[in-house]
Amino acid sequence: MSSWNGNHQRIYMNEVGPRDGLQAEAAFVPTAEKISLVNALSRTGLNKIEVTAFVSAQAIPALRDAEIVMREIERAPGVKYAALVPNARGAERAIDGHADELNLVMSASESHNLSNLRMTREQSYRSLQQVSRLADAVKIPVNISLSCAFGCPMEGDVSEETVLEWSSRFIEETGAHGVTLCDTTGMAYPGQVARLTELFARRWPGIELTLHFHNTRGMGLANVLAAIDSGASRFDASVGGIGGCPYAPGASGNVCSEEIVHALELMGYDTGVNLEALTLASTRLPSLLGHDIPSQIVKAGRRLDLHPAPPDLPAIRERAVNRERLPETRR
Ligand code: COA
Ligand code: ZN
């Protein structure tokens, strides 16, 4: 099990709230609010922020303002600003917007790839090879996010061989510098996560591996800890715990950034994140989105955010102590 304290291992937190979080919101979040959210997140010490997605506006109307958001955010030094890209058109838009990294997306499951991207996996792969060539030409690094890597809500289990095979094509043929294994609908469990992380890390020690969990079945933090124990140090998470793919039946929020940072910092890991600033960014979400958010840190506070004792505590104590002095029969 992970060391419970005194472990200063660096953990890299990638914020996906502005993309994975906002993509499924029914009400359009005004562009200025998106920019202001990204700007607030930029000041929290996160490693990377996935700002938006350059996808079809018909597919994801919530992010139809991707160009403006990408252009108008204030970039903080040391933070990488990534964008999700499904095809060459998306790559051109993201490159024009000066994204620091293109996060390519396809699914390890054929059914989810068809419903989310309207292509077979082979068609997606060919399209993403083209994306990768565009990115290479302007020296922008490419990461591939493989959705449904721990199970598909329509097909069930997705085999390790399938996940490793697609990873290998992107790493060895296409030159991706990083791979994100995504648990799109919270089907991953710790033993499975440990195994796949170990297999991956052993086979490609030089490749950046990121884990992307959704907390749909309450296993998010357990999966993060299992992945760390198996050699992972990079995690996607979403401020407030918002998120979910609109084309994956039953999807719900990502693991919550402030919950993960809170837990990992208590365990002695170094996330580089200022939890107070991150939580502050999260507290504005319910009014922005018009609904409650999953974050337990926003609801309950941090572990040592204490509450005032009742004002009559001394009187209660006195009564309790006096009661002890009375003979047994009169208590
Ligand atoms: N950015 C903006 N517009 C795009 C685009 C992109 N990257 N790719 C395609 N389009 C436009 C086309 O120009 C076309 O517009 P028109 O109808 O005005 O002519 C329309 O979208 C449909 O294009 P087509 O090539 O036929 O795509 P499609 O309908 O087969 O959809 C995708 C394919 C990949 C573009 C679409 O399914 C998509 O964007 N999916 C993303 C889903 C997503 O983000 N899911 C959550 C994250 S995992
Ligand atoms: Zn996701």
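This section reports on the structure supplied with the text. (Residues numbered from 1 in each chain as written. Chains lettered and ligands numbered in written order. Predicted model: local features only at pLDDT ≥ 70, side-chain atom pairs only at ≥ 80, totals over all residues. Heavy atoms only, no water.)

1. Considering the site of ligand 1
In plain terms, the rule: We call a residue near a molecule or strand as soon as one heavy atom of that residue lies within 4 Å of the molecule or strand. Whenever a nitrogen or oxygen atom comes within 3.5 Å of another N or O atom, the pair is scored as a polar contact, on the condition that within protein one atom can donate a hydrogen and the other can accept it, and that pairs from neighbouring residues in sequence are kept only if both atoms are in side chains. Only the protein chains shown count as cover for residues, with accessible areas throughout obtained via the Shrake-Rupley method and a probe of 1.4 Å. Secondary structure follows DSSP: runs of H or I at least 4 residues long count as helices, runs of E at least 2 residues long count as strands, and numbering of each begins at the N terminus. Gly is put with the polar residues, along with every residue not named as nonpolar or charged; the nonpolar set is Ala, Val, Leu, Ile, Met, Phe, Trp, Tyr, Cys and Pro, and the charged set is Asp, Glu, Lys and Arg.
The immediate surroundings of ligand 1 are formed by 18 residues, with F54, S56, N87, R93 and N116 found nearest. Contact between ligand 1 and V55: a nitrogen atom at 3.2 Å from a main-chain N or O atom of the residue. Bound to the protein, ligand 1 loses 66% of the 930 Å² it would expose on its own. Within the residue set of the shell around ligand 1, elements represented by two or more residues are helix 4 (88-96) and helix 5 (110-117). With three residues, helix 4 is the largest single contributor of residues to the shell around ligand 1. Its residues placed into classes, the shell around ligand 1 shows eight nonpolar, six polar and four charged.

2. Notes on the packing of aromatic side chains
So the rule is basically this: Side-chain rings of Phe, Tyr and Trp, where Trp is taken by its six-membered ring, are said to pair if the distance between their centres is within 6.5 Å; with planes under 30 degrees apart they count as stacked, over 60 as edge-to-face, and otherwise as tilted. The rule is simple: take the accessible area with a 1.4 Å probe, protein chains only, and divide by the maximum for that residue type; under 20% is buried, over 50% is exposed, in between is partly exposed. For a ring to carry a charge above it, either NZ of a lysine or CZ of an arginine must fall within 6 Å of the ring centroid while also lying within 35 degrees of the normal to the ring plane.
Under the definition given, this model contains four aromatic pairs. Ring centres of Y125 and F170 lie 4.9 Å apart, and the angle between their planes is 85°; this geometry places the pair in the edge-to-face category. One end of the pair, Y125, is in helix 6 (residues 121-137); the other, F170, is in helix 7 (residues 160-173), and 45 residues separate them in sequence. Considered together, Y125 and F170 belong to a single accessibility category, that of buried residues. Look at F150 and F213: their rings are 5.9 Å apart centre to centre, the planes differ by 45°, and that puts the pair in the tilted class. A residue pair is termed long-range when its members are at least 10 positions apart, and F150 in the loop between strand 5 (142-147) and helix 7 and F213 in strand 7 (residues 208-213) qualify at 63 residues. Three or more aromatic residues joined by ring pairs make a cluster, and in this case those are Y125, W166 and F170. For the cation-ring pair, R64 lies above F28, with the distance from its terminal atom to the ring centre recorded as 4.0 Å.

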